[in-house]
Amino acid sequence: MTRKTNIKVAYALSFLSELYFPISSWIFYYLRFLDFKQIAIITTVQVITGNLLEVPTGAFADLVGRKKAVFLSFLIFSFVMFAFAFTSIFWIFILLEIFKGLSNSLYSGSLEALVYDTLKEDGKESTFDKVVSNMETAAWIGLFISAIAGGFLYQYWFRSPWIIQGIIYALAALTVLKLHEPILDTKKYTLKTILTQNVSGFKEVFRNIKIAQATIVFIIIGAGYFIAANILGISQAREYGMDSRGVGLLFAAGYLISALASQAFPKLKNLLGSKNLLIVTVSILIGSFIFAKFTGVVLGSILIISRISSSTTFRNIRSSILNRYIDSKNRATAISTLVLLSQLPYALVAYTIGDYIDKSSPNSFAFILGLAMVGLLIVQQIIFKAIRFRTTQTD
C-alpha cells in the first residue's frame, strides 16, 4: 500500500512541480525592468546558490528524509512566487533567486530517490524505468498546460502567472504530506555525517572509469540543456518575433511531444539501447544549436521543439544508467552532485552569455555553444581512451 501511495503521489507532484505558469513569459517580465546582462546575473545567483546547496541538501534528503526535503522545497517556492509577482527591484530579484536556488536544490534528486527506494524496499526496482517515464510524462503535461495558459495570462495581467504559481506550489506542499518515507538505509543526521555524505556523492559519480566517463558526458549534455532552458530557448523565440503567447504555444508543442516520448522511453531503450538513444538525443540537442543561426522562424521553431522533446529522453537515460550503479544510502546525494556539476558551467559564464546576447544575438551564441559541445565530447572521448589504454598497459 505504501508503494502504491508513494508512486501515485509522486506522479501528482511531478505534474504540480512543472505546472509552472511563468515558463513562457519570465524573460518578458524581466525585460520590463532589466537587460540581458542583469538577467544573466540574477539567474547566475540562483544557479550558484543551487550549486552551493545542491550536495548539502541532497545529503539532507538522504539523512533527514526525502519527504521533508520535498515539502520544504514547495513551501519556500510558494513564498518566492507570491513575492515575485510584485517585484521590480534588481536586488530583490537577487534575494528571491537565492531562495529559489535553495528550493530547487531541496527538490533536486529527492523525489526521484524516494521513488527508487520505495520500489527497492518492495523488490520492484526493475519497474523504475516505467515509473520514471510516467513521472516525466506527468511533468511534461504540466508544462504543456502552463506554457499555453501562462502566455495568455501574462498578456491579460503580467503579474498573474506568479500569483497562480504561488497557489499551485502551496497545494503541492500539502500533497507531499501524503508521502511515506522509505526506511531503506536510514541514518541519524549529524554535522559529521552530512560532510561525509557530501564526499560520498562525488565518489559515487567518479567511482571507476566507466561511471566517470558517463558522468562527464552527462555533465556536458546536461549543461547544454540547462543553458537552453535558462536563457537561450526563450531568447531565441523572442528573436523570431514571438510574444509570450507565441512562446507558450511553441513550448507547449515541445512539451506535448516530450510527454509522448517519455511514455515511449522503455520501448525506445529496448529497441535502440541506451548508448544509441543517447547519441540520437545529443545529435538533436547540438543540431538545434548549430543550425539555428541559419534558419528562419519556421525551421528555428522546429529546432526548439526538437530540443525540448529530446530532453526528456536524456533525463530518462541518465536516471536509468546512474541508478543502477549508485548505492541507496548515497542516491539523492549522487544525483544532486551530478545536477550541480551540470549547472556549474552556466554559473561560470552566464554574465558572458548575457553580454554576448546583448551585443549579438541568441542564435549566434547558440552556434558557438553547439561547436563547443562537439569539441568537449570529442576531447573527453580521446582522454578516456588514453586512460583505458594506459590502464591496460599497466595491467
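These figures come from a predicted structure and were not determined experimentally.

S.K.: Which parts of the structure should I look at to understand the overall build of the protein?
M.R.: Per the secondary structure count, the protein includes 15 helices and zero strands. At 20 Å, the protein has a C-alpha radius of gyration in line with the 21 Å of a compact globule built from 395 residues. C-alpha atoms of the protein, sized along the principal axes, occupy 55 × 50 × 40 Å. A total of 395 residues make up the protein; the buried ones form 57% of that total.

S.K.: Please clarify how a nonpolar patch on the surface should be interpreted in this entry.
M.R.: Residues Phe79, Ile89, Trp91, Leu95, Ile98 and Phe99 make up a contiguous nonpolar surface patch of about 580 Å² in total accessible area. The biggest single contributor to the nonpolar patch is helix H5 (residues 90-107), with four residues. Mapping tryptophan 91 onto the fold places it in helix H5.

S.K.: What am I meant to see in the environment of leucine 341 here?
M.R.: Following the sequence through the fold, leucine 341 ends up in helix H14 (residues 331-359). In sequence terms leucine 341 and alanine 223 are 118 residues apart; their C-alpha atoms lie 8.3 Å from each other.

S.K.: I would appreciate a short explanation of the layout of surface pockets in the present structure.
M.R.: Where empty space is left in the structure can be found by rolling a water-sized probe over the atoms. Volume-wise, the largest pocket comes out at about 790 Å³. Lining the largest pocket are 24 residues, with Gln213, Val217, Lys275, Leu278 and Gln381 positioned closest to its centre. Broken down by secondary-structure element, the contributors of at least two residues to the lining of the largest pocket are helix H10 (209-239), helix H12 (274-290), helix H13 (297-325) and helix H15 (362-394). Of the residues assigned to the lining of the largest pocket, the class counts are 14 nonpolar, five polar and five charged. As a volume, the second largest pocket reaches approximately 290 Å³.

S.K.: I would appreciate a short explanation of helix H4 (residues 66-84) in the present structure.
M.R.: Along an α-helix, residues three or four apart share an orientation, since each turn contains 3.6 residues. Taking 1.5 Å as the rise per residue, H4 with 19 residues should run 27 Å; its terminal C-alpha atoms sit 27 Å apart, in good agreement. For H4, every residue scored as buried is listed here: Arg66, Ala69, Val70, Ser73, Phe74, Ile76, Phe77, Ser78, Val80, Met81 and Phe84.

S.K.: It is not clear to me how H13 should be interpreted in this structure. Could you clarify?
M.R.: With 29 residues, H13 should reach 42 Å at 1.5 Å per residue; the first-to-last C-alpha distance of 43 Å fits that figure. With respect to burial, H13 is a largely interior element, 21 of its 29 residues being buried.

S.K.: Sorry if this is basic, but what is going on with the side chain of serine 25 here?
M.R.: Residue placement: serine 25 occurs in the loop between helix H1 (2-17) and helix H2 (26-30). Owing to a relative accessible area of 0%, serine 25 belongs among the buried residues under this scheme. Other than its neighbours up to four places away in sequence, serine 25 contacts Gly150, Tyr154, Pro161, Trp162, Ile234 and Ser244.

S.K.: Could you clarify how one ought to interpret the packing of helix H7 (residues 128-156) against H13 in this entry?
M.R.: Axes are the key here: two packed helices are described by the angle between their axes and the distance separating the axes. Where H7 meets H13, the closest approach of the two axes is 10 Å, and the angle between their N-to-C directions is 150°. It follows from the interaxial angle that H7 and H13 lie roughly antiparallel. When the axes of H7 and H13 are compared, the crossing they make is right-handed. The segment H7 lies against H13, with Phe128, Asp129, Val132, Ser133, Glu136 and Trp140 engaging Ile308, Ser311, Thr312, Arg315, Asn316, Ser319, Ser320 and Asn323. Of the residues in the contact of H7 with H13, the class split is four nonpolar, seven polar and three charged.

S.K.: What exactly am I supposed to notice about the pattern of salt bridges here?
M.R.: Any two side chains of opposite charge can pair, given that their charged atoms come close. Following the criterion strictly, the structure yields four salt bridges and no others. Between aspartate 355 and lysine 37 there is a salt bridge, and its shortest N-O distance comes to 3.9 Å. Within this pair, whereas aspartate 355 is found in helix H14, its partner lysine 37 is found in helix H3 (residues 36-63), the two being separated by 318 residues in sequence. According to the relative accessible area criterion, lysine 37 is partly exposed, its value standing at 24%. Aspartate 243 is the salt-bridge partner of arginine 245, the closest N and O atoms lying 2.8 Å from each other. Since its relative accessible area comes to 34%, arginine 245 is described here as partly exposed. Among the charged side chains, a salt-bridge network with shared partners connects Lys37, Asp355 and Lys359.

S.K.: Can you help me understand the packing of H7 against helix H8 (residues 160-176) in this one?
M.R.: The interhelical angle for the contact between H7 and H8, taken along N-to-C directions, is 130°, at an axis separation of 8 Å. Classified by the angle their axes make, H7 and H8 are oblique. Of the residues in H8, those touching H7 at Gly150, Leu153 and Tyr154 are Ser160, Pro161, Trp162 and Ile164.

S.K.: How should I be thinking about the environment of alanine 372 in this particular structure?
M.R.: Mapping alanine 372 onto the fold places it in helix H15. On a C-alpha basis, the gap between alanine 372 and phenylalanine 158 in space is 36 Å, while along the polypeptide they are 214 residues apart.

S.K.: Explain the nonpolar core here, please?
M.R.: Proteins that are soluble and globular tend to have nonpolar side chains buried together. Leu13, Phe84 and Phe251 are the most contacted members of the largest nonpolar core, which totals 108 residues. In terms of residues, this core owes the most to one element, H10, which gives 13 residues. Among residues more than four places away in sequence, those in contact with leucine 13 are Val70, Phe74, Tyr107, Leu111, Ala172, Thr175, Val176 and Leu179.

S.K.: Explanation requested: the environment of serine 319 in the structure shown.
M.R.: Following the sequence through the fold, serine 319 ends up in helix H13. With a relative accessible area of 8%, serine 319 lands in the buried category. Through-space distance from the C-alpha of serine 319 to that of leucine 171 is 27 Å; in sequence the pair is 148 residues apart. Beyond its immediate chain neighbours, meaning those up to four positions away, serine 319 contacts Glu112, Phe128 and Val132.

Conventions adopted
- Residues numbered from 1 in each chain as written.
- Predicted model: local features only at pLDDT ≥ 70, side-chain atom pairs only at ≥ 80, totals over all residues.
- Heavy atoms only, no water.
- Helix = DSSP H or I, 4+ residues; strand = E, 2+ residues; numbered from the N terminus.
- Rg over C-alpha atoms; globule rule 2.2 N^0.38 Å.
- Buried < 20%, exposed > 50% of the residue type's maximum accessible area, 1.4 Å probe, protein only.
- Patch = residues over 30% accessible without salt bridge, like charges linked within 9 Å, V, L, I, M, F, W, Y side chains within 5 Å.
- Areas by Shrake-Rupley, 256 points an atom, 1.4 Å probe, with all protein chains shown as cover.
- Salt bridge = Lys/Arg side-chain N within 4 Å of Asp/Glu carboxyl O.
- 1 Å grid on protein atoms, 1.4 Å probe; cavity = no way out; pocket = protein on both sides within 12 Å on 5 of 7 lines; lining within 4 Å.
- Points joined across faces, edges and corners; volume = space filled by probe spheres on them.
- Nonpolar A, V, L, I, M, F, W, Y, C, P; charged D, E, K, R; others polar.
- Expected span 1.5 Å × (residues − 1).
- Contact = heavy atoms within 4.5 Å.
- Axes fitted to C-alpha atoms, helices over the stretch in contact; angles between N-to-C directions.
- Parallel < 35°, antiparallel > 145°, perpendicular 65-115°, else oblique.
- Left-handed = near helix turned anticlockwise from the far one by under 90°.
- Core = buried A, V, L, I, M, F, W, Y, C linked by side-chain atoms within 4.5 Å.

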